[in-house]
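Read off the chains here:
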Amino acid sequence: FTGVDVNSVVVFEGNIYAGTEEGIYRIDATDFFPEVFTNWEYLEESHGFPADYSTHALAVYNEQLYFNIDTILHRWADIEPIEIHVESEYKLHYLSAEGAHLIAGYRCDWEGCGGNGKALYFNPDESYGALSPGCIAIPNNAIEDQFGRIWFGEEYRNFRWIDNVDDASCNSFSLNSPWSEKSWNLDVFNNEVWVTSGGLTPETLKGKFFRDGFYSLVDGQWRIYNDLSEEVMRGDDGTRPNDDDLGGMISLAINPVNGKKYAGSYFEGLIEVDGDQLKLYNEKNSTLQLANGDPTRVRVL
């Protein structure tokens, strides 16, 4: 009902605050009609905010409301926001106040900003420090548990945690499983299971740009093939994220003569798996052609 993407929501001092791509809106938590978006108050210049800004993360920590205005972390001070911390090269992706510290996670979302993201912890007096960079690549979230351990939610595989905010190492474990629950095509050959994760919309048969890739179960072990685990699936330029990364893996075929496996992308060509060797086929090195009406894509159905 908002008409604008909502990134984060918290309740603070009797109001519901919503952080959106167009800034922060709030409404009394007892309002009878919160679904009427015109009832929400927009925090604008009269409240000390810029004329144009976005907010991605909100959190209540130490009985204070924290949020970002664009790239800068702020605290609400009843009548205006107070600047707390600036990270000029990173974008704030999440705030977490599950434990004794406020955790701020940052992503590196553009070329030249240093690669991996980072995470900071803030104390009640707003002094801060950096959390172990070895645990942080492309962060989604983090929580601090009752024992002071900090668990990171990452785009990369494996569960990761540090024992406390001063721990410079990184602990991790993984489950023997596919990348996700997504599945579209499945084949069994020689006691091996192969699965593609992509999908098509039922109405128009357009591809869903799932980045999960495809998976194999061989001798009881799952292996993941996607643009995070396999360089060849990052397209011709070998970098990610990029427009030529192989997403939307939908089709699957196994050659019963030589055992080679083939997984097709709705967007960027075909992957051949020959033992541990992977090869990308597209319009540049094969007879595959660009899609009619979409000259930027090689669709393998």
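Report on the accompanying structure. The structure presented is a predicted model; accordingly, all values stated were derived computationally and were not measured.

Before going further, it helps to examine the environment of Tyr 90. By the element assignment, Tyr 90 lies in the loop between strand 8 (81-86) and strand 9 (91-96). On a C-alpha basis, the gap between Tyr 90 and Gly 117 in space is 7.4 Å, while along the polypeptide they are 27 residues apart.

Of all six residues in strand 6 (residues 64-69), five are buried; the element is thus mostly enclosed. Where strand 5 (residues 58-61) meets strand 6, four bridges bridge the pair, whose relative direction is antiparallel. The partner of Val 60 across the bridge, within strand 6, is Leu 65. Following strand 5, the chain reverses through two residues before pairing antiparallel with strand 6; Asn 62 in that reversal takes a positive phi of roughly 55 degrees. Bridge analysis of strand 6 against strand 7 (residues 72-76) gives four bridges, and the strand direction is antiparallel. Within strand 7, the position partnered with Asn 68 by the bridge is Leu 73. Joining the antiparallel neighbours strand 6 and strand 7 is a turn of two residues, in which Asp 70 adopts a positive phi near 55 degrees.

In this section: the pattern of salt bridges. Following the criterion strictly, the structure yields 13 salt bridges and no others. As a salt-bridge pair, Glu 41 and Arg 26 come within 2.8 Å of each other at their nearest N and O atoms. Highlighted residues: Glu 41 in strand 4 (residues 41-42) and Arg 26 in strand 3 (residues 23-28), separated in sequence by 15 residues. Since its relative accessible area comes to 34%, Glu 41 is described here as partly exposed. On the accessibility criterion, Arg 26 (15% relative accessible area) is buried.

Considering all chains together, one arrives at one disulfide under this definition. The disulfide partner of Cys 135 is Cys 170, and the S-S distance across this bridge is 1.9 Å. One disulfide, between Cys 135 and Cys 170, carries an S-S torsion of 90 degrees and so falls in the right-handed class. Residue Cys 135 is located in the loop between strand 12 (128-130) and strand 13 (139-144), and its partner Cys 170 is located in the loop between strand 15 (159-162) and strand 16 (171-173); the two are separated by 35 residues in the primary sequence. The class for Cys 135 is buried, based on a relative accessible area of 0%. Given a relative accessible area of 31%, Cys 170 falls into the partly exposed group.

Judged by nonpolar contacts, the single largest core of 15 residues is most densely connected at Tyr 66, Leu 73, Leu 92, Leu 95, Leu 102, Tyr 106 and Phe 122. A per-element tally of this core places strand 10 (residues 102-107) first, with three residues. Residues in contact with Phe 122, not counting those within four places in the same chain, are Tyr 61, Leu 73, Ile 84, His 85, His 101, Leu 102, Ala 104, Ser 127 and Tyr 128. One finds Phe 214, Tyr 225, Leu 278 and Leu 280 within the second-largest nonpolar core, a separate group that totals 13 residues.

Take the environment of Gly 269 next. Within the fold, Gly 269 resides in strand 25 (residues 269-274). Considering only alpha carbons, one finds Gly 269 and Leu 288, 19 residues apart in sequence, at a separation of 7.6 Å.

This part takes up the sheet that holds strand 22 (residues 221-225). Ordered by their spatial adjacency, four strands build an open sheet running 17-18-21-22, and the pairing between neighbours is antiparallel. Each having just a single partner strand, strand 17 (185-189) and strand 22 make up the two edges of the open sheet. With direction set aside, neighbouring strand axes in the sheet form an average angle of 15 degrees. Here strand 17 runs beside strand 18 (residues 192-196); their pairing, made up of five bridges, is antiparallel. Paired with Leu 186 across the bridge in strand 18 is Val 195.

Here the focus is the side chain of Asp 227. Within the fold, Asp 227 resides in the loop between strand 22 and strand 23 (249-254). Engagement of the side chain of Asp 227 in a polar contact is seen with the side chain of Arg 211, the distance being 2.3 Å.

Here we come to the side chain of Ser 132. Along the chain, the position of Ser 132 falls in the loop between strand 12 and strand 13. Look at Ser 132 and you get buried, because its relative accessible area is 3%. From its side chain, Ser 132 meets the backbone oxygen of Ser 169 in a polar contact 3.0 Å long.

Following the sequence through the fold, Val 6 ends up in strand 1 (residues 6-12). Residues contacting Val 6, with those up to four places away along its chain left out, are Ala 18, Gly 19 and Thr 20.

A few words on the packing of aromatic side chains. A ring pair, where both rings are aromatic, is described by two values, the distance of the centres and the angle of the planes. Tallied over the full model, the rule gives 20 aromatic pairs. Relative to Tyr 42, the ring of Tyr 25 has its centre 4.9 Å away and its plane inclined at 45 degrees; by these criteria the two rings are tilted. With Tyr 25 in strand 3 and Tyr 42 in strand 4, this pair connects stretches of sequence that are 17 residues apart. Judged by relative accessible area, which is 13%, Tyr 25 ranks as buried. An aromatic cluster is present here, built from Phe 1, Tyr 25, Phe 37, Trp 40, Tyr 42, Phe 49, Tyr 53, Phe 67 and Trp 76 joined pairwise through their rings.

Reading guide: rules and limits
Residues numbered from 1 in each chain as written. Predicted model: local features only at pLDDT ≥ 70, side-chain atom pairs only at ≥ 80, totals over all residues. Heavy atoms only, no water. Helix = DSSP H or I, 4+ residues; strand = E, 2+ residues; numbered from the N terminus. Buried < 20%, exposed > 50% of the residue type's maximum accessible area, 1.4 Å probe, protein only. Pairing = 2+ DSSP bridges. Salt bridge = Lys/Arg side-chain N within 4 Å of Asp/Glu carboxyl O. Disulfide = S-S within 2.5 Å. Core = buried A, V, L, I, M, F, W, Y, C linked by side-chain atoms within 4.5 Å. Contact = heavy atoms within 4.5 Å. Axes fitted to C-alpha atoms, helices over the stretch in contact; angles between N-to-C directions. Polar contact = N/O pair within 3.5 Å; in protein donor to acceptor, adjacent residues only side chain to side chain. Phe/Tyr/Trp six-rings, centres within 6.5 Å; stacked < 30°, edge-to-face > 60°.

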